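As a plain string of letters, each chain reads:
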Amino acid sequence: MNRELEKIKYDFIEQAKQMDSVLGAWNFGSETHNLSDDYSDVDIVLLVDGKQFDQFPFYLERCLENISAKIILCWPERFNSGAIINNGYLLLSGSNIFQFDVFLLNTERLDDYMCRLHYTGLKKADIIFDKTGMVNKLMELRLTGNLWSDDVPYLEKTYWYHANMTGKYLKRKDYFKLNHVLHTMFETHMSMLLVGFDKITWGGSANKLHFIPIDKQTHLKKYDCPKDLEGVEQNLISCMRWFQADAKEVHDLKGLDYSTYLGDTVINSWISQRTDSVLPNGLEK
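Since this is a predicted model, take the numbers as computed values, not measurements.

(A) Local environment of the pattern of salt bridges. The full count for this structure, using the stated rule, is nine salt bridges. Between lysine 17 and glutamate 14 there is a salt bridge, with the nearest N and O atoms lying 3.4 Å from each other. Here glutamate 14 and lysine 17 lie together in helix α1 (residues 3-17), a separation of three residues that amounts to about one turn. Connected through salt bridges with shared partners, the residues Lys216, Asp246 and Glu249 form a single ionic network.

(B) Region of the structure containing the sheet that holds strand β1 (residues 22-27). Across the sheet, six strands lie side by side as β3-β4-β5-β2-β1-β6; this open sheet has mixed pairing. Each of the sheet's edge strands pairs with one partner strand only, and the pair in question is β3 (70-76) and β6 (127-130). Recorded for the sheet is a direction-independent mean angle of 25° between the axes of neighbouring strands. Seen against the sheet, α1 touches β1, β2 (42-48), β4 (84-93), β5 (96-106) and β6 and runs at an angle of roughly 30° to β5.

(C) The arrangement of the layout of surface pockets in detail. Roughly 1,200 Å³ of volume is contained in the largest pocket. For the largest pocket, the lining is made up of 46 residues, of which Phe28, Leu117, Trp202, Gly203 and Gly204 are closest to its centre. Contributions of two or more residues to the lining of the largest pocket are made by β1, β3, β4, β5, α3 (113-117) and α7 (205-208). Residues of the lining of the largest pocket, tallied by class, amount to 18 nonpolar, 20 polar and eight charged. In this model, the second largest pocket occupies a volume close to 190 Å³. Taken together, eleven residues form the lining of the second largest pocket, with Asn164, Met165, Gly167, Lys168 and Gln273 sitting closest to its centre. Looking at the lining of the second largest pocket, the elements with two or more residues in it are α5 (152-172) and α10 (261-273). Ranked by the residues each element gives to the lining of the second largest pocket, the list is headed by α5, at six residues. Here the residues of the lining of the second largest pocket sort into three nonpolar, four polar and four charged.

(D) Inspection of the packing of aromatic side chains at higher detail. Taken as a whole and assessed by the stated rule, the structure comprises nine aromatic pairs. Note on tryptophan 202 and phenylalanine 211: the rings are 5.9 Å apart at their centroids and 75° apart in plane angle, and the pair reads as edge-to-face. Within the aromatic cluster, the residues linked to one another by ring pairs are Tyr159, Trp160 and Phe243.

(E) Structural context of the environment of tyrosine 154. Within the element layout of this structure, tyrosine 154 appears in helix α5. Assessed through its relative accessible area of 54%, tyrosine 154 is described here as exposed. A C-alpha to C-alpha distance of 47 Å links tyrosine 154 and alanine 16, two positions 138 residues apart in sequence.

(F) Spotlight on a nonpolar patch on the surface. A contiguous nonpolar surface patch, about 400 Å² in accessible area, is contributed by Ile72, Leu73, Trp75 and Ile97. For the nonpolar patch, the element with the most residues is β3, which contributes three residues. Turning to its location among the elements, isoleucine 97 is positioned in strand β5.

(G) Geometry of the nonpolar core. Counting 36 residues, the largest nonpolar core has Tyr159, Trp160, Leu178, Met185 and Met240 as the members making the most contacts within it. Broken down by secondary-structure element, the contributors of at least two residues to this core are α5, α6 (175-197), α9 (232-253) and α10. In terms of residues, this core owes the most to one element, α6, which gives ten residues. Those residues within four positions of tyrosine 159 in sequence are excluded, and the remaining contacts are Met185, Thr188, His189, Tyr223, Cys239, Met240 and Phe243. Core analysis: the second largest hydrophobic core is formed by 27 residues, Val22, Ala25, Phe100 and Phe129 among them.

(H) Geometry of the environment of tyrosine 261. Position of tyrosine 261 relative to the elements: it lies in helix α10. On the basis of relative accessible area, tyrosine 261 is assigned to the exposed category, the value being 61%.

(I) Focus on the packing of α1 against helix α2 (residues 56-65). Running from amino to carboxyl end, α1 crosses α2 at an angle of 135°, the nearest separation of the two axes being 9 Å. Here α1 is positioned oblique relative to α2, judged by the angle of their axes. Both α1 and α2 take part in a crossing whose hand is right-handed. Contacts between α1 and α2 involve Phe12, Gln15 and Ala16 on the former and, on the latter, Leu60, Cys63 and Leu64. Here the residues of the contact of α1 with α2 sort into five nonpolar, one polar and no charged.

Calculation criteria
- Residues numbered from 1 in each chain as written.
- Predicted model: local features only at pLDDT ≥ 70, side-chain atom pairs only at ≥ 80, totals over all residues.
- Heavy atoms only, no water.
- Salt bridge = Lys/Arg side-chain N within 4 Å of Asp/Glu carboxyl O.
- Helix = DSSP H or I, 4+ residues; strand = E, 2+ residues; numbered from the N terminus.
- Pairing = 2+ DSSP bridges.
- Axes fitted to C-alpha atoms, helices over the stretch in contact; angles between N-to-C directions.
- Contact = heavy atoms within 4.5 Å.
- 1 Å grid on protein atoms, 1.4 Å probe; cavity = no way out; pocket = protein on both sides within 12 Å on 5 of 7 lines; lining within 4 Å.
- Points joined across faces, edges and corners; volume = space filled by probe spheres on them.
- Nonpolar A, V, L, I, M, F, W, Y, C, P; charged D, E, K, R; others polar.
- Phe/Tyr/Trp six-rings, centres within 6.5 Å; stacked < 30°, edge-to-face > 60°.
- Buried < 20%, exposed > 50% of the residue type's maximum accessible area, 1.4 Å probe, protein only.
- Patch = residues over 30% accessible without salt bridge, like charges linked within 9 Å, V, L, I, M, F, W, Y side chains within 5 Å.
- Areas by Shrake-Rupley, 256 points an atom, 1.4 Å probe, with all protein chains shown as cover.
- Core = buried A, V, L, I, M, F, W, Y, C linked by side-chain atoms within 4.5 Å.
- Parallel < 35°, antiparallel > 145°, perpendicular 65-115°, else oblique.
- Left-handed = near helix turned anticlockwise from the far one by under 90°.

This is the structure in structure tokens:
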């Protein structure tokens with residue numbers, strides 16, 4: 001972590017310790033997995049007395065304003081509730097802008113699903129302070145996360161349905177619809193790979209993808225849609241063939257029957273239709 005940001009974090013923690021409503025704190029995010037670097041932001045969870053939880057965001061901002069940085073933006077997560085509040089702050093220090101994420105957990109709502117996610121995998125080394133022993137009790141629950149899970153047959157149907165759409169959008173040179181469909185194909189391919197090769201029980205898909213085989217990561221890197229559509233056609237052919245091979249491998253790993261019929265049919269039809277005339281503008285799928 002950047003040294004200037006470390007100083008801001010230290011000052012914030014010292015302020016938080018003085019607040020009666022803050023019962024404990026622990027690190028969250030990359031720092032807890034030894035993945036922090038000079039570009040990492042701050043992720044801190046504060047355990048807040050439930051009786052003061054509703055008023056605490058106001059005191060939190062006052063706390064941040066008392067350190068050597070200026071709040072220029074507060075971004076609240078959409079899942080914020082009476083159980084958990086996750087506010088992301090942009091702090092201006094000199095000419096530098098730092099990301100500073102604070103998670104507030106209500107002591108009276110700790111069984112809430114989103115709260116549980118934020119003390120799953122909690123370790124002794126993650127704890128910053130614990131005034132009442134409640135943080136250690138959460139740690140002693142030894143909650144563990146899960147490997148990626150999804151409906152493999154549904155993923156395959158989703159992929160080939162959308163892959164078939166791309167042909168007409170390429171003919172129309174419809175950037176926006178093509179870009180949307182490519183995003184769906186990427187997400188579907190990603191989920192298929194994580195079902196088969198996920199190795200970690202923490203983090204979202206973007207974290208998990210770093211730990212799948214390198215060659216599988218490469219299979220996800222050609223779903224981009226440049227404004228002139230240059231190279232998209234050849235990239236799509238590569239992506240579809242990679243997906244077919246990956247889907248077969250995942251089916252085999254999961255003991256599921258697999259047929260190449262659907263993939264072969266869509267790919268062959270897609271390639272043959274690329275020589276057809278361009279569809280007129282304005283036609284809908």
